[in-house]
Amino acid sequence: MTALQTKLWRDLNSLRAQVATIGLVVAIGVAGFVGMFSVHQSLHQSRDAFYRENSLADVFASVRRAPLPLGQRLAAQDGVAQVKLEVVFDAQLDLPGVESVLTGRFIGLALDRAHADRQGLNALTLKSGRWPERGAALEAVVSDRFATVRELNPGDTVYAMLGGRRERVHVVGTVVSPEYVFAARGALPDDQTFGIWWIDDEVMASAFGMQGAFNQVALRLTPDAALADVLQRVDRLLRPYGSVGAIGRTDQLSARFVEDEMAALRVMGTVLPSIFLLVSMFVLNVVLSRQVSTQRSQIAALKALGYPDTAIAWHYMQLAWVIAGLGLAAGLALSVVVGRLMLGLYDEVFRFHALTYVSSGGLLAAASLIVLGAATLGAWSAVRAVLRLRPAQAMQPATPPVYRPTLIERLGWGRRIGTRALMVIRQFEQRPLRATFTVAGLALAVALQISGAFWLDTIAHIMDMQFRQVQQGDVLVNFDRPLHPGAVRELKQLPGVLDAEPYRVEPVRLRLRQRSEDSVLLGLRSDAQLLRLVDEQRGPLALPPDGVVLSSLLARALGARVGDRLELEFRLWSQVRTEVVVVDVAQTLLGQQLYMNLEAMNRLARDGEGISDAALLVDPQAMSAFWAAVKTSPVINAVFDKAGARAAFEQVTARSMAVFSGILTLFAIALAVGITYNAARISLSERAWELASLRVLGMTRAEVSQLLLGELGAELLAALPLGALAGWGLAWLLMGLMAVEHIDFPVVIEPSTYASALLIVLAAGAISALLVRRQIDRLDLVAVLKVRE
């Protein structure tokens, strides 16, 4: 072993505490980068393999009712390689032991082609049990996630209201579907109250009066097909049959949610690890610069003995690389833990055929290059100092710093400040750049903590908006066909119903200038209270007698403003085209939809006074009797139970957000400890002679500690308000980078979130201060004072 190699290991040993803290900061950055991108790769590979093996369609379209021969015309279109026609309806579900009514999406399954290799597009994969068989009993397979949540197993029996008749359904198996990796009726996941069911296609057609017809089509395109052109031609063919608009795979609900989540992972895996790597660069730079400064005589001796500048510079670069390498190794090990933990959370929401954690060699190589590059940049100024240092110059002590009166002293305020406080202020003015970086690093630790915790505040705000302010009713019911508004009187006769309000939902197509969007029009009564339009800032809005109100997301997609005239086309029933004026834009957070007075909507549609849904307010004491009555109602097609849906969503998000927030909290603590500990240790090494002199002159250990730790405390206190501001900015940045079409995430940060972030970083700083205080107490006064002047 050469002399420089021996010196390398001795330097590492003498700096072991600082090596550990720097390595920890690097490890966290690596773990975040590799872990999150490995989860992204795992989801990406699992998704692509599942879509490929189960033949997920490229185009999806729904209609009110279309004849089966139309499928031949669709198959004959240029660019279309395969067609699948289905009958799909939502229906109410009655599960044993469950008081409330759930909703199931029932899909016809060709039993003679049930095996995956013969199903064609959107093929199912059997997870347990067997495929349904045609016979006296109605058999079904159910989505695996819903079965898991509701503890359904092959052999269980449920009841469903199919086409107005209560049918006994036998569960014979569970499946996963590429079309329903993410099962939801809207913008929020719901595996507790909404499940997907596949039954005999002949039974489906008979139950819903769809013999010789279909209401959903899926297409696979040829590799050279132009998607936009195919969508236009499919729309033209399906328009006479009440089409709600053909969409590509990227706009299909499940596929879009999966892609949005993967995009969010890319953002988180880029932004947050960058913070740690930048901080590690700064800390490494300070530590190595101090190491070079304290080893001037050793460097001079090495140069005098004939060691070339490049060999000595290479020694300090190796020191930086070893520290970074240790952090890299620890980070790669930690990334597996973080990645598998996060992947387990995704497995609770996304149901692929298999979800396996993978981490590619290219990702590991990229992490290694980034870390070594950061270490090289961090060590560069120290290496330059070595190259510039001449042996004769290095043999002399470093030039003492020039002390000047501080700004406070020049302003005449010095006499009002205590001696120890003035000494702390002088340290700030003497090394402003280092103090600035320390404050910035601590502020980033606060911001990181806020960026992990504010999601809970944002989601709580969305839940409050949607379930308390928008939907004040307890239950939403959907009818199997449009009904006269007088049906509301019958709903009010159900046990426990205190009030009922009708409303209408209809798919529409909007055109403005060169843009076109498929959306949903909600017709609400002018005095609606149980389901109403609420603006996030302005509160409840009254719908005007004419014109439409756009959600902010829809207005953004169309580029619409108040006063614009939109072309509106009803897609499902009347298929009327008309023009409407935009009278307002509301910040509604969820969905791209527009709102209109119910009477005005019916006038425009020219199809009578029909309603499609109703919102109900139910006496909590009479819920059991209410649900029992709903289970026997043939006209209620599907049910949305606010309490059940909210509990299901909170159960999923509470666990995932708690884990995510917990990980970032631990990371923020490690970052704060790494910065404060290294800043204090470096300051201690630089001022050891000064502090020892003060001890000899009569100062106590506590008084000496106050001088050193006072500087750290001042930096910590300065960082807290800056960190709160940086946390708000980081939250805005993340929201902007992860923006999606269907949810307008607001940045909501409660005072308690700010307070917890500040307290956590303060606690981390206090821990570091205690560790350094022990070093101060152990100062060997004789050894420290034996320095050359």
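Everything that follows concerns the structure shown earlier in this document.
Small disclaimer: the values here were computed from a predicted structure and weren't measured.

Novice: Explain the overall build of the protein chain to me, using residue names and the numbers behind them.
Specialist: For the protein chain, the count of helices and strands is 22 helices and 22 strands. Here the protein chain holds 789 residues, and 54% of them are scored as buried. Partitioning the contacts of the protein chain with sequence separation of at least 6, the portion at a separation of at least 24 is 82%. Accessible surface computed for the protein chain: about 33,900 Å², of which carbon and sulfur atoms make up 57%.

Novice: How would you explain the pattern of salt bridges if you had to name every residue and give the values?
Specialist: Note on pairing: side chains with opposite charge can pair once their charged atoms come close. Tallied over the full model, the rule gives 34 salt bridges. For the salt bridge of Asp-58 with Arg-249, the shortest nitrogen-to-oxygen distance reads 3.3 Å. Highlighted residues: Asp-58 in the loop between α2 (16–53) and β1 (59–67) and Arg-249 in the loop between β11 (247–248) and α7 (253–294), separated in sequence by 191 residues. Classification of Asp-58 by relative accessible area gives partly exposed; the value is 21%. It is possible to trace a salt-bridge network through shared partners that takes in Asp-235, Arg-239, Arg-509, Arg-511, Asp-518, Glu-567, Glu-569, Arg-571 and Arg-577.

Novice: Residues and numbers for the sheet that holds strand β2 (residues 80–86), please.
Specialist: Adjacent strands of a sheet pair through backbone hydrogen bonds, lying either parallel or antiparallel. On the basis of which strands lie adjacent, the open sheet formed by four strands has the order β2-β10-β1-β11 and antiparallel pairing. Each of the sheet's edge strands pairs with one partner strand only, and the pair in question is β2 and β11. Two elements, β1 and strand β10 (residues 213–221), share six bridges in a ladder whose sense is antiparallel. What sits directly across from Ala-66, in β10, is Phe-214.

Novice: Would you mind going over helix α6 (residues 227–238) in detail, with residue names and values included?
Specialist: Every α-helical turn comprises 3.6 residues, leaving residues that sit three or four positions apart pointing alike. If you check α6, its first and last C-alpha atoms are 16 Å apart, about what 12 residues at 1.5 Å a residue would give, namely 16 Å. Listed as buried for α6 are Val-230, Leu-231, Arg-233, Val-234, Asp-235, Leu-237 and Leu-238. Looking at the packing, one finds that the buried side of α6 touches β1, α3 (70–75), β2, β10, β11 and β13 (497–512).

Novice: Kindly report on empty space enclosed by the protein, identifying the contributing residues and their values.
Specialist: Applying the stated criterion across every chain, the model contains 10 cavities of 30 Å³ or more. In this structure, the largest cavity is lined by 31 residues; those nearest its centre are Glu-261, Tyr-346, Ser-656, Met-657 and Phe-745. Secondary-structure elements contributing two or more residues to the lining of the largest cavity are α7, α9 (309–347), α14 (432–470) and α19 (642–696).

Novice: How would you sum up helix α18 (residues 623–630)? Please name residues and give values.
Specialist: Those residues of α18 that fall on the buried side of the exposure criterion are Met-623, Phe-626, Trp-627, Ala-629 and Val-630. Down the axis of α18, the sector holding all buried residues measures 160°, keeping them to one side. Close packing links the buried residues of α18 with β3 (88–94), β12 (475–483), β13, β21 (611–618) and β22 (636–641).

Novice: Tell me about unusual backbone geometry, and please be specific about residues and values.
Specialist: Here the phi dihedral of Glu-151 falls at roughly 55°; this positive angle occurs in a residue that is not glycine. Tracing the backbone through its elements, the reader meets Glu-151 in the loop between α4 (144–149) and β7 (157–162). Unlike most non-glycine residues, Arg-513 shows phi in positive territory, near 55°. By secondary structure assignment, the location of Arg-513 is in the loop between β13 and β14 (515–524).

Novice: Any chance you could break down the pairing of strand β6 (residues 138–143) for me, citing the residues and the numbers?
Specialist: With six of its six residues buried, β6 lies for the most part within the structure. In the sheet, β6 pairs with strand β8 (residues 165–176) via six bridges, with the strands oriented parallel. If you follow Ser-143 over to β8, its bridge partner there is Val-175. Bridging between β6 and strand β9 (residues 194–200) involves three bridges; their strand directions are antiparallel. If you follow Ala-140 over to β9, its bridge partner there is Ile-199.

What counts, and where the lines are drawn
Residues numbered from 1 in each chain as written. Predicted model: local features only at pLDDT ≥ 70, side-chain atom pairs only at ≥ 80, totals over all residues. Heavy atoms only, no water. Helix = DSSP H or I, 4+ residues; strand = E, 2+ residues; numbered from the N terminus. Buried < 20%, exposed > 50% of the residue type's maximum accessible area, 1.4 Å probe, protein only. Contact = heavy atoms within 4.5 Å. Areas by Shrake-Rupley, 256 points an atom, 1.4 Å probe, with all protein chains shown as cover. Salt bridge = Lys/Arg side-chain N within 4 Å of Asp/Glu carboxyl O. Pairing = 2+ DSSP bridges. Expected span 1.5 Å × (residues − 1). 1 Å grid on protein atoms, 1.4 Å probe; cavity = no way out; pocket = protein on both sides within 12 Å on 5 of 7 lines; lining within 4 Å. Points joined across faces, edges and corners; volume = space filled by probe spheres on them. Arc of directions from axis to C-beta.

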